[in-house]
Amino acid sequence: MSFDTLSSLAPQRPLRLLLVNAGEADAITWAGLAQPLRLAAAALGRELLQLETMTPAQVVLAQPNWHIALLVADERQAPLPPEQARAVIERCRSADYWGGVGAGVLWLAEAGLMAGVRIALPWALYADTEDITERAILTPHLFELDGRHLSCCGGAASIDFALTLIEHLFGASVQASVKESLCVERVRGPEERQRVALQARFGALQPRLSEAVTLMETNIEEPLSTDDIANLVGLSRRQLERLFKQYLGSLPSRYYLELRLQRARQLLLETNHSIVQVGLMCGFSSGSHFSTAFGALFGNTPREERQRKLQS
């Protein structure tokens, strides 16, 4: 689901945003999320954004009244005591949008609150997901918005996540100001992937799935057909489709298309290749097909994406 749905919160002023720090204050997962939002709050003023940061003990005693609430912890953080965890999660769930960052994502899933929800979990925690894989849909993305549920893998991606929230809640100019303060040149989008996530999760258990994704990633300019990929990894087309559906929540063709479009978006933002050249480099022989597919995934055209680069 697109982060554009957060625009439903636009009329809510002041917008109340809660960050629950269940880990260390100097962890990058926490600092990367909190600092951009603090800068945005300072620029906007309390009449537009009320940012609250609390410990688990503090939030249990607080009166719920937030539009967004996030449970944040570094991937190495030990879980909260069960009774405290339940109380914290109940407070967070009262918000219009709620979720977790880093280990907080795993704790919410383990509590059974992410059934059927696409979640972005730190790849280092994939070994701990045996009990949740049938309930939650793990994706290798940096962050996700699915319905009311927000999730981010944490680490340095917390910065991209925070800046994305700022853009969709308060506009590109506010985001640009915070980016400048932090010396951030490019914001990675939710569709970008943790580079080692698939290998970490599936490398040993599902080597053919990992191999199929690797084939896709290394054949962007001249895409392989689904049948070709299935043959190369030693599966039938139906078996390959079943693996993708079960573990990635997508068909191989759709997953491959998104990979190519993500690469195209990266080229539009980071190079000076023409839009036509970018389309060809990502396997699109038709400019109209490239533009239509790009717009369906990202909500804007390749030309508009390039314009964003020129304006930033």
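In this report, we go over the structure that sits alongside the text. Throughout this document, residue positions are counted from 1 along each chain, in the order its sequence is written. Thresholds applied to this predicted model are a pLDDT of at least 70 for local features of residues and 80 or more for the giving and counting of side-chain atom pairs; totals over whole chains, interfaces and linings are not thresholded and use all residues. Values reported for side chains reflect all heavy atoms of the structure, with hydrogen atoms and water molecules removed beforehand.

1. Some words on the overall build of the protein
Stage number 1. What counts as a helix is a DSSP run of H or I of at least four residues, what counts as a strand is a run of E of at least two, and both are numbered from the N terminus. When its secondary structure is counted, the protein shows 14 helices and 8 strands.
Stage number 2. Compactness check: the protein gives a C-alpha radius of gyration of 20 Å against a globular reference of 20 Å for 312 residues, within 12% of the reference.
Stage number 3. By its C-alpha atoms, the protein is 60 × 45 × 30 Å across when sized along the principal axes.
Stage number 4. For the exposure calls, accessible area comes from a 1.4 Å probe over protein chains only, and a residue counts as buried if that area is under 20% of its type's maximum, exposed if over 50%, partly exposed in between. The buried share of the protein, reckoned over its 312 residues, is 50%.
Stage number 5. Contact definition: two residues touch when any of their heavy atoms are within 4.5 Å. Taking contacts inside the protein between residues at least 6 apart in sequence as the whole, the part at least 24 apart equals 68%.
Stage number 6. Accessible areas in this description were obtained via Shrake-Rupley with a 1.4 Å probe; residue shielding takes into account the shown protein chains only. Surface exposure of the protein reaches about 14,600 Å², of which carbon and sulfur atoms provide 49%.
Stage number 7. In this tally, Asp and Glu contribute negative charge and Lys and Arg positive charge; neither His nor the terminal groups of the chain are included. Charge coordinates come from a single atom per side chain, which is NZ of Lys, CZ of Arg, CG of Asp or CD of Glu. Across the protein, the mean location of the 30 positive side-chain charges is 3 Å away from that of the 34 negative side-chain charges. Atoms counted for the radius of gyration: C-alpha only. Globule rule: 2.2 Å times the number of residues to the power 0.38.

2. Focus on the nonpolar core
Stage number 1. Within this scheme, the nonpolar core is defined by two criteria: the residues are buried Ala, Val, Leu, Ile, Met, Phe, Trp, Tyr or Cys, and they are joined through side-chain atoms within 4.5 Å. L19, L33, L70, L150 and F161 are the most contacted members of the largest nonpolar core, which totals 38 residues.
Stage number 2. Dropping the residues within four chain positions of it, L19 is found in contact with W30, L33, A34, L37, L51, E52, T53, M54 and L70.
Stage number 3. Membership of the second largest hydrophobic core comes to 32 residues, among which are C92, W98, L113 and L121.

3. Notes on the environment of F290
Stage number 1. Topologically, F290 is positioned in helix α13 (residues 287–298).
Stage number 2. Sequence-distant contacts of F290, that is, excluding residues within four places in its chain, are made with L261, A264, I275, V278, G279, F284 and P302.

4. Here we look at the pairing of strand β8 (residues 149–152)
Stage number 1. On β8, burial covers both faces: H149 and S151 on one face and L150 and C152 on the other are all buried.
Stage number 2. Pairing between two strands is assigned when DSSP locates at least 2 bridges connecting them. Note: strand β4 (residues 97–102) against β8, 4 bridges, orientation parallel. Across the sheet, residue V101 finds its bridge partner in β8, namely C152.
Stage number 3. In the sheet, strand β7 (residues 143–146) pairs with β8 via 4 bridges, with the strands oriented antiparallel. Directly across from D146, in β8, lies its bridge partner H149.

5. Topic: α13
Stage number 1. Between the first and last C-alpha of α13 there are 16 Å, a value that for 12 residues agrees with the 16 Å anticipated at 1.5 Å per step.
Stage number 2. F290, A293, F294 and F298 are the residues of α13 that are buried. Buried residues of α13, seen end-on, are gathered within an arc of 110° and therefore sit on one face of the element. Residues of α13 that are exposed and point over 90 degrees away from its buried face: S288, T292 and A296.
Stage number 3. Immediately beyond the C-terminal end of α13, within one or two residues, lies G299, with a positive phi of roughly 85°. The span you would expect from a helix comes to 1.5 Å times its residue count less one. Arc definition: it is the arc formed by the directions from the helix axis to the C-beta atoms.

6. Re the sheet that holds β7
Stage number 1. On the basis of which strands lie adjacent, the open sheet formed by 6 strands has the order β2-β1-β3-β4-β8-β7 and mixed pairing. The open sheet is flanked by β2 (49–54) and β7, the only strands paired with a single partner. The mean inter-strand angle of the sheet, taken between neighbouring strand axes irrespective of direction, is 15°.
Stage number 2. Helix-sheet contacts for helix α3 (residues 82–93) involve β1 (15–21), β3 (68–73) and β4, and the interaxial angle to β3 is about 145°. Working convention: axes come from line fits to C-alpha atoms, limited for helices to the stretch in contact. Angles between N-to-C directions cover 0 to 180 degrees.

7. Focus: the packing of aromatic side chains
Stage number 1. The pairing test for Phe, Tyr and Trp rings, Trp by its six-membered ring, is centres within 6.5 Å, and the orientation test on the planes gives stacked under 30 degrees, edge-to-face over 60, and tilted for anything in between. Enumeration according to the criterion identifies 7 aromatic pairs in this entry.
Stage number 2. Aromatic side chains F284 and F290 sit 5.2 Å apart centroid to centroid with 35° between the ring planes, which places their arrangement in the tilted category.
Stage number 3. Residue classification places F290 among the buried positions, given a relative accessible area of 3%.
Stage number 4. Only Lys NZ and Arg CZ are tested; either one counts as a charge over a ring when it is within 6 Å of the ring centre and within 35 degrees of the ring normal. Just above the ring of F284 sits the side chain of R260; from NZ or CZ to the centre is 4.2 Å.

8. What about the pattern of salt bridges?
Stage number 1. Whenever Lys or Arg places a side-chain nitrogen within 4 Å of a carboxyl oxygen from Asp or Glu, that contact is recorded as a salt bridge. In the structure shown here, the tally under the stated rule is 9 salt bridges.
Stage number 2. In this structure, R118 engages E144 in a salt bridge whose closest nitrogen and oxygen atoms are separated by 3.8 Å. Of the two residues, R118 is situated in strand β5 (residues 118–120) and E144 in strand β7; the sequence distance between them amounts to 26 residues.
Stage number 3. Residues joined in a network through salt bridges with shared partners are D227, R237 and E241.

9. Quick notes on the pairing of β3
Across a regular strand the side chains alternate sides, sitting on one face of the sheet and then on the other.
Stage number 1. Buried residues dominate β3, accounting for 6 of its 6 residues.
Stage number 2. The alternating pattern of β3 places I68, L70 and V72 and A69, L71 and A73 on opposite faces, both of which are buried.
Stage number 3. Pairing geometry for β1 and β3, over 5 bridges, is parallel. Its bridge partner being in β3, L17 is matched across the sheet by I68.
Stage number 4. As defined by bridge partners, β3 adjoins β4 across 6 bridges and the pair is classed as parallel. Residue pairing for β4: L71 is matched across the bridge by G100.
Stage number 5. Here the term right-handed applies to a crossover when the path leading from its first strand over the helix to its second strand runs clockwise, the strands being oriented away from the viewer. Between β3 and its parallel partner β4, the chain crosses via α3, and the hand of that crossover is right-handed.

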